[in-house]
Amino acid sequence: MVRRIKAGMEYEANRTAPPPGFPQFPPVPGGRYVDPVFLALEKERMWRRAWLYACHGDEIPAAGSYLMFRKTGSPILIVRGKDGLIRAFYNTCRHRGGPLVKDENGKIEGFVCSYHGWSYTLDGKLINLRDRRDFVDLDLKCFSLVDVRCEMLGNWVFINEDPNATPLLESLGGIPAQFEQIKPLEQRFIHKASYHVKCNVKVLLDAFLEVYHLKSIHTNTVDRFLDHRGTTITLWPHGHSLMVTPNRRPDWVDPGTRGMRTIDTVTEIVSKNNPSFNFFPNLVTPIADSGIPFILFWPDGDNEMDIEVHWFAPDWGGGEPPALWKQRIDNFERILFEDTQFAEVIQRSVQSPGFKGVMLNYQERRIYHWHEELDRRIGVEHVPVPLRVVPTLADFVER
Ligand code: FES
Ligand SMILES: [Fe+2]
């Protein structure tokens with residue numbers, strides 16, 4: 001893989017056109033960004049059936065620690081059991097739907113519904129109910145909390161509302177093997193923040209799938225240290241992808257990472273370049289030896305969204321995270337705001353009749369790959385014909 005990516009960067013830097021035989025993309029129909037019918041399909045058939053990053057195990061460290069996940073609409077409880085395992089349940093009592101917890105996070109011994117007091121264990125079993133004499137022959141075993149699929153990559157917790165979803169690690173294909181080099185089990189949670197942006201979620205997500213915009217939007221930041229002409233891309237099945245962009249100078253080190261503990265098992269692709277993964281649909285993560293952000297894109301209705309950034313670092317040996325992190329997060333926010341401010345301006349123009357569609361070039365192919373996967377997830381037969389993308393990239397996906 002290292003050799004292939006290095007050769008890929010060299011090839012890309014020196015090419016004068018796309019590789020022979022690479023197709024010109026048909027336009028991505030503009031309605032995919034603004035049409036309420038399409039966006040409702042996207043929500044029900046893709047977002048509510050996808051593996052979505054929810055939290056890190058450090059955020060719910062002890063038996064009974066829980067947090068709420070609300071990003072797909074229905075409130076979902078993520079809780080650590082007495083056996084140490086993390087599970088997810090709808091926050092919905094089996095009696096009449098009362099909430100089991102009302103806070104966004106906390107620690108409890110078990111769940112007691114605040115409406116009529118039905119009580120459940122941390123692993124979701126109904127164990128007691130008030131005035132049991134009035135429920136004739138009720139079999140408690142049949143009224144466990146409704147669970148949500150909850151699986152881990154290292155200590156990172158993902159949920160999926162589709163009970164029949166392919167297991168997380170299988171659906172991630174080649175990504176878990178690539179992640180081994182940053183020792184997932186040694187990555188500790190540092191910090192998270194959320195920013196509200198007035199644009200459709202894809203408007204901003206698209207900007208994190210390409211580096212074509214560096215010279216316009218990040219002239220004084222990212223463009224100074226990354227050379228977008230050498231960017232090499234790997235497309236994987238299920239919509240996932242990787243983009244590796246070389247540093248302009250091989251000896252360049254992000255000043256924000258100086259003095260931080262690093263993981264020494266990373267390859268030179270990670271230590272000397274900028275590799276950025278997309279876990280379809282909404283997790284973008286540029287991994288580094290000194291720690292990584294998970295950048296998450298969440299729809300909030302059709303025309304607004306939240307971007308969340310969760311930070312992790314190699315275990316620093318206990319206590320508060322090193323103070324150096326504050327500076328690093330501030331630097332990152334500055335770059336992030338260059339993207340978010342522009343995304344709101346783009347949203348206004350994509351809502352205009354002048355927006356007919358998205359014309360993508362060879363180096364923007366991750367965005368097309370993402371849209372092809374979206375149609376597969378929705379089920380192309382459900383997508384109105386004028387809003388479908390023409391499958392184009394099958395021969396360029398690495399199996
Ligand atoms: S709704 Fe939960 S006990 Fe009645
Ligand atoms: Fe950007």
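Think of each chain on its own: its residues are numbered from 1, step by step along the sequence as written. Here the convention is simple: chains get letters from A, ligands get numbers from 1, in the order in which they are written. Since the coordinates come from a predicted model, pLDDT governs what is reported: local features require at least 70, and pairs of side-chain atoms require 80 or more to be given and counted, while whole-chain, interface and lining totals use all residues.

A. Main features of the overall build of the protein chain. To qualify as a helix, a DSSP run of H or I must reach at least 4 residues; to qualify as a strand, a run of E must reach at least 2; elements of each kind are numbered from the N terminus. A count of helices and strands for the protein chain gives 11 helices and 19 strands. The C-alpha radius of gyration computed for the protein chain amounts to 23 Å, which stays within 12% of the reference 21 Å derived for 399 residues, consistent with globular compactness. Seen along its three principal axes, the alpha-carbon backbone of the protein chain occupies a region of about 80 × 55 × 35 Å. We call a residue exposed when 12 or fewer other C-beta atoms sit within 10 Å of its C-beta, buried when the count reaches 20 or more, and partly exposed for counts in between; the C-beta positions come from the backbone. In the protein chain, which comprises 399 residues, the proportion classed as buried is 36%. Here, residue contact means that the backbone-derived C-beta atoms of the two residues sit within 7 Å. Contacts in the protein chain between residues at least 24 apart in sequence constitute 64% of all its contacts with a sequence separation of at least 6. The globule rule used for comparison is 2.2 Å times the number of residues to the exponent 0.38, while the radius of gyration itself is calculated over C-alpha atoms.

B. Here's a closer look at the domain arrangement of the protein chain. Domain annotation for the protein chain reports domain 1 (2-51 + 175-396) and domain 2 (52-153). The C-alpha centroid of domain 2 is placed 33 Å from the C-alpha centroid of domain 1. Counting residues at the interface gives 16 residues for domain 1, matched by 8 residues for domain 2. Charged residues are taken to be Asp, Glu, Lys and Arg, nonpolar residues to be Ala, Val, Leu, Ile, Met, Phe, Trp, Tyr, Cys and Pro, and polar residues to be all remaining types, Gly included. Looking at side-chain class alone, the side of domain 1 that touches domain 2 contains 12 nonpolar, 2 polar and 2 charged residues. What marks off one domain from the next here is an automatic or database domain assignment.

C. Expanded view of the sheet that holds strand β4 (residues 76-80). Pairing between two strands requires that DSSP report at least two bridges joining them. Spatial strand order, β2-β11-β10-β5-β4-β3-β6: 7 strands in an open sheet with antiparallel pairing. Only two strands of the sheet have a single partner each, and these edge strands are β2 (52-56) and β6 (105-107). Each adjacent strand pair in this sheet contributes to an overall mean axis angle of 30 degrees, direction not counted. Examined bridge by bridge, β2 and strand β11 (residues 156-160) share 4 bridges and lie antiparallel to one another. Each bridged residue has a counterpart across the sheet, and for H56 the counterpart in β11 is W156. Orientation is described by axes fitted as lines to C-alpha atoms, over the contacting stretch for helices, and by angles from 0 to 180 degrees between their N-to-C directions.

D. Spatial organisation of unusual backbone geometry. Of note, the bond from F280 into P281 is cis; its omega dihedral lies within 30 degrees of zero at 0 degrees. Relative to the elements of secondary structure, P281 occurs in the loop between β15 (273-279) and β16 (283-286). At D131, a residue that is not glycine, the phi angle is positive and equals roughly 55 degrees. Examined against the element boundaries, D131 turns out to sit in the loop between β9 (126-128) and β10 (147-153). On the basis of neighbour count, D131 is assigned to the exposed category, with 8 C-beta atoms found within 10 Å. We note that H238 has phi near 65 degrees; this positive angle belongs to a residue other than glycine. Structurally, H238 is set in the loop between β13 (232-235) and β14 (241-246). Its 19 C-beta neighbours within 10 Å are what place H238 among the partly exposed residues.

E. Main features of the nonpolar core. Joining buried Ala, Val, Leu, Ile, Met, Phe, Trp, Tyr and Cys residues through C-beta atoms within 7 Å gives a set, and that set is a nonpolar core. If you look at the biggest cluster of nonpolar residues, it comprises 84 residues, and the most contacted ones within it are A54, I78, F158, I159 and L204. Two domains share this core, each providing at least three of its residues, namely domain 1 (2-51 + 175-396) and domain 2 (52-153). Non-local contacts of A54, meaning those with residues more than four positions away in its chain, are made with F69, I78, V157, F158 and I159.

F. Looking closely at the pairing of β13. Burial along β13 is two-sided: T232 and T234 facing one way and I233 and L235 facing the other are all buried. Alignment of β13 against β14, held across 4 bridges, turns out to be antiparallel. The residue of β14 that forms the bridge with I233 is M243. The antiparallel hairpin formed by β13 and β14 contains 5 residues in its connecting segment, where H238 sits at a positive phi of about 65 degrees.

G. Region of interest: the sheet that holds strand β17 (residues 292-299). In space, the 7 strands of this open sheet follow the order β12-β18-β17-β16-β15-β14-β13, with antiparallel pairing throughout. Whereas interior strands pair on both sides, the edge strands pair on one side only; in this sheet they are β12 (187-197) and β13. Averaged over all adjacent pairs, the angle separating strand axes in this sheet is 15 degrees, with direction ignored. Pairing of β14 with β15, which is carried by 6 bridges, proceeds in the antiparallel orientation. Its bridge partner being in β15, M243 is matched across the sheet by S276.

H. Here's a closer look at helix α1 (residues 2-14). What a helix is expected to span follows from its residue count: subtract one and scale by 1.5 Å. End to end, α1 covers 19 Å across 13 residues, agreeing with the expected 18 Å (1.5 Å per residue, within 8%). Regarding α1, the residues found buried are I5, M9 and E12. Angularly, the buried residues of α1 cover 70 degrees about the axis, an arc narrow enough to put them on a single face. Every exposed residue of α1 that faces more than 90 degrees away from the buried side is listed here: R3, R4, A7, Y11 and N14. The secondary structure elements touched by the buried residues of α1 are β13, β14 and α9 (268-272). It is the directions from the helix axis to the C-beta atoms whose arc is reported.

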